[in-house]
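Spelled out from the first residue to the last, the chains are:
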Amino acid sequence: MSARTLAGALGDLIHRQTGPLTRDLLRTPGHFGLGQVPARLAPDQTTTMVCGYCSTGCGLTVHMKEGQAVNLSPSAAYPVNLGMACPKGWEALTPLRAPDRATTPLLRNARGKLEAVNWPEALQAMVGRFKAIAGRHGPASLAFLSTGQIPTEEMALLGALAKFGMGMLHGDGNTRQCMATAVVAYKQSFGFDSPPYAYRDFEESDVIVLIGANLCIAHPILWERICRNKNNPAIVVLDPRKTETAAAATHHFALTPKSDLVLLYGLANRLIRMGRVDRAFVDAHTNGFADFEAHVAAFETEQVCAASGLTAAELDTLAQVIAGGKRVSLWWTMGVNQSHEATRVAQAIINIALLTGNIGRPGTGANSITGQCNAMGSRMFSNTTNLLGGHDFTLPEHRRKVADVLGIADEAIPQTASASYDQILEKILGGQIRGLWVIATNPAHSWINQSYARDILGRLDFLVVQDMYATTETAEQAHLLLPAAAWGEKDGTFINSERRVGLLKKVARPPGLALADFHIFRLVAEAWGCGDMFSRWTSPEAVFNILKDLSRGQPCDITGIRDYQMLDRQGGIQWPFPAAAGPQAPAVERRLFEDGVFFHKDGKARFIFDAPRPPPEVPSRDFPLILLTGRGSSSQWHTQTRTKKSPVLRRLAPAEIYLELSPVDARALGITMGEIVEVTSRRGSIRARAFVTNIVKPGQIFIPMHYEKANRLTFPAFDPHSRQPSYKYCAVRVARVDPAMA
Ligand code: SF4
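Presented here is an overview of the structure given in this document. Bear in mind the structure is a predicted one, so any value in this text is a computation, not a measurement. In this numbering scheme, every chain counts its residues from 1 along its sequence in written order. For this predicted model, a pLDDT threshold of at least 70 governs which residues receive local features, and a threshold of 80 or more governs which side-chain atom pairs are given and counted, while totals over whole chains, interfaces and linings are taken from all residues. Just so you know, side-chain values use all the structure's heavy atoms and leave hydrogens and water out.

**Let's talk about the pattern of salt bridges**
Here is the rule we go by: Whenever Lys or Arg places a side-chain nitrogen within 4 Å of a carboxyl oxygen from Asp or Glu, that contact is recorded as a salt bridge. Strands are runs of DSSP state E lasting at least two residues, helices are runs of H or I lasting at least four, and both sets are numbered from the N terminus onward. For every residue, the accessible area (1.4 Å probe, protein chains only) is compared with the maximum for its type, and the residue is labelled buried under 20%, exposed over 50%, or partly exposed between those bounds.
Per the counting criterion, the structure on display carries 32 salt bridges. When the shortest N-O distance is used, the salt bridge between Glu300 and Arg273 registers 3.2 Å. Pair noted here: Glu300 is in the loop between helix H12 (289–296) and helix H13 (301–308) and Arg273 is in helix H10 (residues 260–273), with a separation of 27 residues, a long-range link. Its salt-bridge partner being Glu498, residue Arg500 comes within 2.8 Å of it at the nearest N-O pair. Residue class for Arg500 comes out buried when judged on its relative accessible area of 2%.

The following block contains the structure:
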């Protein structure tokens, strides 16, 4: 198709979607119809929408003037945050106005420079190059890497387009880096990926156990929910560092990094020996307890203490606190998920909840807290690991159901799940994948062992990056940059950690020629020649209705949600909410498994366990320290792509990379507070400012993940079940730098 014909077709398509557009607008920078604020918003009205950063899913009230968002405040009535927001939420509009927004497609020219092109040229380049690659090497030579940051409707359209329309076999998301472990753990243990809790459980527990979770920094509003607990709960933190959350807890157990599996098995053994097994619950609602009991019997106090660094008295206290609780909730985040044996650690937490009967009641649960604003949407509807709607690519009956709902041939649906993120990179290295489409994520910064990732991206025949900025580390490697609208510039839904479907809205115009990802996917479909397959996918809300149909009969059934307006009125709605539940509005906060029935065919949960394994890279004479990574402050988000655009947020966190180093190690190395030091792993070397502190124990250092250089050091180990990277453990050395060279 020529550029002229394509422009005509695209103009027609957008005209059908939006009405008052002309074809010429596709060629001309400036605000055009796709960027206009929807008619339903009066110019000076306020409206509520969910935040676009983390999985807490706070409601924000956006204040409009003359059709544009001018400010926002936390929504007092939204059931998640009850009038609170963290700094990122308060500053959510600022990144939209950044001067380096991508405003036009950019195509790398023969001289290797990115130059502005119009949309038809961009689409023709993408489709032309991708089709040429697929023609030469087969459709499996194309793949995509997506994100937990775009609405569910966009994820679903991308997944369906890439796999059913363009014939790709492989696509994954940056959710692999944060939530894959929880997905696999829940699926295997409960029969479906099903975080069982509501945030209200934070307020109803009498014992709250936080494992590898620094809520004060990573999920501050959830910490605020704990602060509303009127039961004077014991707050137990298991974390190698004395984090802000550990400092505020009633109990902190500073376990040796990656000793959590041994510790949790030892804890289970203790609880069993203390007679704390809820026999009635275990017998009625679980399988495999006898084998689990036999497995953990070997984890005696001496061995557990040697591995974890806890004293026998500390282990005893930990067990007594949990045993004494009537409503014990156990929560985990990345300290668990990002490990070489993460899935089994998550299941060790689940096992403790099961054996003590702490699930399905108020204030209980084995509760994974998600990372990104729409990680849960990705888990259900991205069409990567799961077939749309939490279905299984390998099951013919699931493929048929999805094909029927979508009105496509069964054969259009792959019979296997995608390769995982790390496997996609390996396939690029091996030459099997040669064209990659990266959407709203930044692997050149965030992927473990960064230099390797950058080298791999550099080997692609054609790299398409779709992002709101042209300045990310990944965008700078692109052959083609597609400018995307941001949160606040488009409609759709996110699903938060407690399974709440929340609404986001278009309250600002995207700059220049930037388009909502939704419209970019539609245009790609049209340009690829499979637009007819998506003739019903005309708007985010139309797609939401398709997703409802796809969820029918699944544990995540949302057929009872009538429309976007219902989500708006209710303050979001948790899944499941099937149409069969009746016309009445659902309760504001609901937890799963109150009837003790899990999602396995026999209705029972499973005890799953394994022998612990040592980390793949351990300290040595040359690399004697353990590097821990994690979130640095509540004002920084991931690779800082957005948060560094806000002067307010920048002031709330150190501008330059730093490492936490214990006074013991600092003294031994002759390092003083504030000195620039060199940190070296087997992958690379960086310079950072030393922050000498007792937050970390001797033998360990900590570097926040937000700084671009952090992942030059990390070691690419992966959990074998979830393929989630183990960001939180590798061996390094730290050395002084000649001040003249610093
Ligand atoms: Fe947004 Fe998360 Fe902050 Fe809430 S806690 S305002 S969802 S970033």
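There's plenty left to go through after this.
**Regarding H12**
Selection rule: Relevant arc is that of directions from the helix axis to the C-beta atoms, nothing else. Any two residues having at least one pair of non-hydrogen atoms within 4.5 Å are treated as being in contact.
What H12 keeps buried is the set Phe289, Phe292, His295 and Val296. Looking down the long axis of H12, one finds its buried residues gathered within 120 degrees of arc, a one-sided arrangement. Away from its buried face by more than 90 degrees, H12 exposes Ala290, Asp291 and Ala294. Where H12 is buried, its residues meet H10, helix H11 (279–285), strand E11 (286–287) and helix H16 (342–355).

**Quick notes on the packing of helix H4 (residues 152–165) against helix H22 (residues 517–528)**
Note the threshold: Axis geometry follows a simple rule: fit a line to the C-alpha atoms, using only the stretch in contact for helices, then measure angles between N-to-C directions, giving values from 0 to 180 degrees. By the definition adopted for this analysis, an angle is roughly parallel if under 35 degrees, roughly antiparallel if over 145, roughly perpendicular if from 65 to 115, and oblique otherwise. Less than a right angle of anticlockwise turn of the near helix away from the far helix marks a crossing as left-handed, whereas a clockwise turn marks it as right-handed. Lys, Arg, Asp and Glu make up the charged group, whereas Ala, Val, Leu, Ile, Met, Phe, Trp, Tyr, Cys and Pro make up the nonpolar group; the residues left over, Gly among them, are polar.
Where H4 meets H22, the closest approach of the two axes is 9 Å, and the angle between their N-to-C directions is 15 degrees. Classified by the angle between their axes, H4 and H22 sit roughly parallel to one another. For the pair H4 and H22, the sense of crossing is left-handed. Of the residues in H22, those touching H4 at Glu153, Glu154, Leu157, Leu158, Leu161 and Gly165 are Asp517, Phe518, Phe521, Arg522, Val524, Ala525 and Trp528. Looking at the contact of H4 with H22 residue by residue, the classes come out as eight nonpolar, one polar and four charged.

**Description of the nonpolar core**
Keep this limit in mind: Grouping buried Ala, Val, Leu, Ile, Met, Phe, Trp, Tyr and Cys residues that are joined through side-chain atoms within 4.5 Å yields what is termed a nonpolar core. The source of the domain bounds is an automatic or database domain assignment.
Ranked by size, the top nonpolar core spans 134 residues in total, and within it Phe130, Trp332 and Trp437 carry the most contacts. A domain-level breakdown of this core finds at least three residues from each of domain 2 (106–178 + 373–579) and domain 3 (180–368). Among all residues touching Trp332, those that are not within four sequence positions of it are Ala182, Tyr186, Ile211, Ala213, Asn337, Ala346, Ile349, Ile350, Ala366, Asn367, Ser368 and Ile369. Counting 44 residues, the second-largest nonpolar core is a separate cluster that includes Tyr78, Leu210, Leu215 and Ala249.

Everything listed here is a matter of geometry and, on its own, says nothing about what the molecule does.
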